[in-house]
Amino acid sequence: MVHCSLRLVQLVHFRLDPGRIEDRINLDHMQMLKKHFDAAAADGVEGRLSMELFIVVMSQLLNLPDEMQPQLKALFMKIDSGSHGHIAWDAFCTYMQLELTEKEDSYSRAREVCFETPAVTKTTPHRDTLHRVCVLPDHSYVTASQDGVVAFWNPATLQVKRTRPNPDANKPKQKWITDFAMMTNINRFILSTGDRELQFFEASTFEPYCQISGLESVPLKMSFWHNPRNTEESILMYGDNQGCVNVLVIPNTTLAFRKWKQEAKVDGVPTANIEKVASMADVRYACWEVHRDWVVDLKYEDHLRSIISCSNDPSTGIVIGNVVGSTNVESALRENAMKRCAQGSSARKRLSADQTVFYVYKGVKTFAYSESYNILVTGGMDRLVRIWNPYVNTKPTALLRGHNGPIFYLYICDREQRIYSISTDKTVKVWDAQDHSQLCSVGMKSHVIQGEMTAVLYNEFTKAIAITTDCLSVLNLREHRHSHTEATQTHRDAIHCIRYNPHFKQIVTACNSSMIKVWDIESGQHVFEYNNAHGTSAVTSMIFDSSGRRLVTGGRDGLLRIWNYNNGQCLRTLRKGSNEEVTCVIHVTVSKNKYIVCVGWDRRINVFTDTTDSIHHEQHALPHWVDDERRGHTEDILAVTANSATNHLATSSYDGEIIIWSLVSGHIFCRLKAPAPDPKKPFDPMEGDAAVNTLLFLSARGTTRRAATLVACGPAGYIHFWNIYKGGKVMSNFLPNNEGANVLAVNSHNTVLASGDVAGNVKLYNISGYCTEGTERAPPPVLSQFRAHTSTIKCFEFVSGLTQNEFLLSGSDDCSVRLWTGKGHYIGTLGQTTRWDIEDPETYAHPRVPRDVLAEPIDIPEKVRQSIDSSPEQNNKNNKNDLHDVDLDMEYQEQEGTRLRHVKHKPGPKTHEGPAVYHSLPCFELTDVPPSRQAPVIGSLDPLSILDAVEIESVASEDLSLKPFTPKLSVKSRRSSPMTTKMKIANGAGAIKTSYK
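The shown structure was predicted, so the numbers you read here are calculated from the model rather than taken from an experiment.

## As for the overall build of the protein
Within the protein, the secondary structure is distributed over 15 helices and 67 strands. Classification of the 997 residues of the protein by burial places 51% in the buried group. Within the protein, contacts between residues at least 6 apart in sequence are counted, and of these 53% link residues at least 24 apart. Summing over all exposed atoms, the protein offers an accessible surface of approximately 46600 Å²; the carbon and sulfur share of this is 50%.

Here is the structure:
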C-alpha cells in the first residue's frame, strides 16, 4: 500500500490531469481509504466495497461535488473488470499500481530519442577553418570559414547551392575572418576580421555593401538581432579580445545603412569609422567592459531585454546586462562615447544594478536561454551542464553530469522539451528539460564524425544537428520524422484495429508494433497506453466483452488475451490448438452463456467460454465442432461475425467461401460463394481475388427471411448483399470504385454502410430498406464520399450515443486514426495537439482536410481531371493498360497486415497524376493547314534506332480565326514502342505530353 501510494506522489512530472479522480489521490487518501476497507471486513463483507459505498467514501475523502459521481462510477467499473459488483482493497491497489506503471512506461516511451547513425557527411568548398554554421528562415544552412568563403547549403540534400569565393585568394596578405552573422531582415551578412573591421555583404550577390573600420579591438564573436514585430529595429553586438561587449542599437536599419553607404570608399568599399558611427543621431553605441578574458559567446534575449555574454574567466563566467545602461538620455550617452573615443578608449563598466554576474568554476564556453522554462543553461571546461534561474546567480538549480570533455555547444528546444549538449569529444547528449534526465547519448563511434569540431547548430525544423569539422556532418533525429506534409500520427506503425467503448466514452486503437492506446473521444486526447500486448507480434483483432470492461485481443502469435484495458492488466491468456495467426475475434452470447470465438490461419473455429470465476491464468479452447472438422473451411479464415437474433455464425475464407453456422448446434446452415463478375475470367485463388475480408450481419433486420441480412466485402472488392435462407442468394453486388472495397462497417441501426479501399477513399451508403423486399440491380444511394487517408484503410468503427449525430472512426496504414461526422466532415486525428469538443462543431477541423490528403493529387475529382484533359478517351485507355513497375518481392517483403499472402499478391492502388501545366493551355485550330511532309527514313543509319520514321502533322496559318483543335505528333516504330506523344499548340507555343500505354 505504501509503495503504491509513493508511486502516486512521484508522478508529478507526468502532467497529471486534476480533473481525473485517479490523479487526485495522495498518500493520506490511501491511508484513510484503507480504514474503510478494514471496516467493511469487520462488518463481515470480506473487506469489499459495493459501488454505492465506494462512491460515498470517495466523495467524502476527496470532497467531490455531485457532478463527479459519474467519474467515480466509471472508476469503480474500471477496477471491477469482472463485473462482480464489489471491489477489494487488493484490487484497488493493483489497479492503481498497474496504471501508474504503464503511465511511467508510456512517459518514457514518449521521450525516447534516437539518432540516425552514422551521420551524413559532405565535403565543403572551404579550405580553412570553419567558424560558424547558421540556419536561414528557409531552413538552409550557411557556413563561413576563416578565409572568408561563405557557402549556402540545401538542408534536404546537403548540396552546396552557391558559394562566395575568397576575394583575397590571390593577394599576398589575406584578411583573417573571426566570425560571421546573418542579417535576415535586410538579406545581408556580416564578416568580422582581424583587421578590426565589420564588413557587410549582399547575401544574394555577395557584393560588398559597406564596412565599419577603426574598431578599438579585434571582434571575436558577433551576434545580430532584429525585432520580429518591427524589422527595421535591430541590434548588432560583438565581443572582443579585451573582454568588452560592443553594442550598436539601430532603430532604423535601412536608413543607417544608407548613410554608411554614402561614406568615402576605401579599396572600393564605402567605409565608416566607428567614431563616426557612434556619433550618428540614428545609432546608439555602447562599449561595456564586462569580462576579464576574451568574450567567447554573446546573444541578445528580448524577453530579458538584456545581452547575455560569457567568457572563460570564472569571476565573470556569465553576465546578463542591460543594452545601453540605466540612463536613456541619448545625448549624454553619445557625448560620453565621443569623449572616451577621443581619449583612446570608449569602454566603461556597467552599474551593479544593470547587470547580473554569475561565478562559474573554470568559466563558460557556451550557454542557452529558454523563455518558456525561464532557465539559463551553461557549459564549460569542467564538463558540467548547469541550469540556472536567470534572476538567481548564487547557485544553479540543477547539474547535468555525464560528459567526458568540455562543453562546446548547448541548445534548448522548447517544443521538444529537450536540452541538447555537445562536448569537444563530439559526444552528443539529449536531456529532458523538465526532470533533467538523460534521454540519449551518441558518441564518436556511433556517428563516425572525424576531425576537430569547430561549429555546431541544431535545426528545429529538420530536427538535425549540423557539426562542422573539415566537412559538414548532419546527425538526424530518427523519431517522428514525418513527410513534408507533417501529418499527425496516432501510432508509429500501421493501424490494425479500432474499438469504441460507449460505457467509458473511449477509443481503443492497436497497431502493428503491439501497442494499445486509449483515447478520450470527447476531446481526442491521449489517456493511456501499454506496449507489447502480444510481445513482438502484432495485434490483429480485438473486441470488447458484453460489459465493456474487458478487452479481448488476438495476435499474430496465435494467442488471445483478455485485458483490463484501463490499466493494462492481462487477466487471462487463451490458447487454441495451434500458434497460427488470429485474424478475427468476436464475443457472443447464447442462452445467457458467453463465449469468445476466434478464427485464423488454422482454418478452424475456436470457441472459449467466457467466465470470470476461473482461477487459472491460461485457458484452452473447447473441442472443435464436428462439422468444422469434417466439412469446414479448406483455406485460411479471414472474418467471422454473429447474429444474436437468429443464433447464426458466419465465416469467410481466403478462397471466397462463406459458411453459415448454427451457434446452438455447431452444424453448417448453408454455404455461400459469389460467382465471378466475368465467367470467362474466374477468380485466381493465388492472386487473392477471391478473398472475403469482412462479414457483417444486419441484426436490426431481425429474423425476416425475405431481406438480405449478410453483407460481405469480396471477392474482387465487390460488396455483396446475401440472403442466407433457402441455400443462400445474392440480392445485390456492386463495385464501389475502381479500387474495390477493402473493409466495411455498419452502424448500430443498420441504416448506413461504410466502405474503404486501398487508396484511402470512403463511401457512406444509405442501406435503409435496401434489399429488404427483393434483389437490387443498382447500388444503394451514396450519402457521402471523401478521401480519409493516403494509404489502405484497415478498419472502421461507428460511434453513436454521444450527440444526436453519428460519427465514424477510420484507421489506416498511414499510422493515423481519424474521426469524421456522418456527413464526412473531418473532426480531427487522434494524437493531434489541438483538442476538440465533440458537442461543439466549431472545434471541428472542418472545412479543412488532413494535410497529407490535401497534398495528394488523387484528390482531384474524376470529372475535373477529365474536363481538363484534352483527350479523356485516350487517357482512360492508357489508364487501363497501366502497369505497376514494382518488384513485388521487395515491396511486400515486410508488408504490415493481418494477411500476408493475399496482401502480397493484391494489386497496388492506381496512381493518378495531377494536372500538368499543359492541361491549362487553351487550344485553337488554325483554319489553313498545309499538307504534311514525310520525314526521311533514318532507321538505316542506325540499326539500333527505335524510331524508323517520324510523321509530323504541322500546322501553320496567318489567319487568326480560331476553332477548337488538337494537332497530333504521331510516332511510328518498328519495335512497337509503347510511347505515344501528343502535342498541343497554344497561341503559337507548343507543349508536349508523353504518356505510356
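## Focus on the sheet that holds strand β58 (residues 807-812)
Read across the sheet, four strands follow the order β57-β58-β59-β60 without closing on themselves; strand pairing throughout is antiparallel. The sheet is open, and its two edges are formed by β57 (793-799) and β60 (826-829), each paired on a single side. Each neighbouring strand pair of the sheet contributes to a mean axis angle of 20°, computed without reference to strand direction.

## Here we look at the sheet that holds strand β17 (residues 284-289)
Backbone hydrogen bonds are what pair the strands of a sheet, in a parallel or an antiparallel way. An order of β12-β13-β14-β17 is seen for the four strands of this open sheet, with the pairing classed as antiparallel. Two strands bound the open sheet, and with one partner strand each, they are β12 (219-227) and β17. Going from strand to strand, the sheet's axes swing by 15° on average, the running direction of each strand aside. In terms of strand pairing, β12 meets strand β13 (residues 230-240) through eight bridges, oriented antiparallel. In the strand pairing of β13, Met222 is matched with Tyr238.

## Description of the side chain of Arg549
Note on placement: Arg549 falls in the loop between β37 (539-544) and β38 (551-555). A polar atom in the side chain of Arg549 sits 2.9 Å from the backbone oxygen of Asp80. Among all residues touching Arg549, those that are not within four sequence positions of it are Met77, Asp80, Ser81, Ser83, Phe504, Trp563, Asn564 and Tyr565.

## What to know about the pairing of strand β53 (residues 743-746)
Side chains of β53 alternate between two faces, with Val743 and Ala745 and Leu744 and Val746 buried alike. As defined by bridge partners, β53 adjoins strand β54 (residues 752-756) across four bridges and the pair is classed as antiparallel. Residue pairing in the sheet places Ala745 in a bridge with Ala754 of β54. Joining the antiparallel neighbours β53 and β54 is a turn of five residues, in which Asn750 adopts a positive phi near 60°.

## Observations concerning the pattern of salt bridges
As enumerated under the stated definition, the model contains 29 salt bridges in all. Residue Arg386 pairs with Asp382 through a salt bridge whose shortest N-O separation is 2.5 Å. Asp382 carries the same exposure label as Arg386, and that label is buried. In this structure, Glu618 engages Arg575 in a salt bridge whose closest nitrogen and oxygen atoms are separated by 3.1 Å. Placement of the pair is Glu618 in strand β44 (residues 618-620) and Arg575 in strand β40 (residues 569-575), with a sequence separation of 43 residues. For Glu618, a relative accessible area of 40% puts it in the partly exposed group. Taking relative accessible area as the criterion, Arg575 reaches 31% and is therefore assigned partly exposed.

## A word on the environment of Tyr844
Within the element layout of this structure, Tyr844 appears in the loop between β60 and α11 (851-854). Residues Tyr844 and Tyr826, 18 residues apart in the sequence, show an inter-C-alpha distance of 6.9 Å. Aside from chain neighbours lying at most four places away, what touches Tyr844 is Phe807, Thr821, Tyr826, Ile827, Asp837 and Ile838.

## Comments concerning the confidence of the model for the protein
Looking at the protein as a whole, its pLDDT mean stands at 81, while 80% of the residues score no less than 70. The model gives residues 859-921 a pLDDT under 50, and that stretch makes 94 contacts with residues more than four places away or in other chains.

## Describing the side chain of Arg550
For Arg550, the position within the fold is in the loop between β37 and β38. Side-chain polar atoms of Arg550 contact the side chain of Asp545, separated by 2.9 Å. For Arg550, the side chain forms a polar contact with the side chain of Asp610, separated by 2.7 Å. Excluding its chain neighbours within four sequence positions, the residues that come into contact with Arg550 are Ser81, Ile543, Phe544, Asp545, Ile562, Trp563, Leu571, Asp610 and Thr612.

Reading the values: rules and limits
Residues numbered from 1 in each chain as written. Predicted model: local features only at pLDDT ≥ 70, side-chain atom pairs only at ≥ 80, totals over all residues. Heavy atoms only, no water. Helix = DSSP H or I, 4+ residues; strand = E, 2+ residues; numbered from the N terminus. Buried < 20%, exposed > 50% of the residue type's maximum accessible area, 1.4 Å probe, protein only. Contact = heavy atoms within 4.5 Å. Areas by Shrake-Rupley, 256 points an atom, 1.4 Å probe, with all protein chains shown as cover. Pairing = 2+ DSSP bridges. Axes fitted to C-alpha atoms, helices over the stretch in contact; angles between N-to-C directions. Polar contact = N/O pair within 3.5 Å; in protein donor to acceptor, adjacent residues only side chain to side chain. Salt bridge = Lys/Arg side-chain N within 4 Å of Asp/Glu carboxyl O. pLDDT = per-residue confidence, 0-100.

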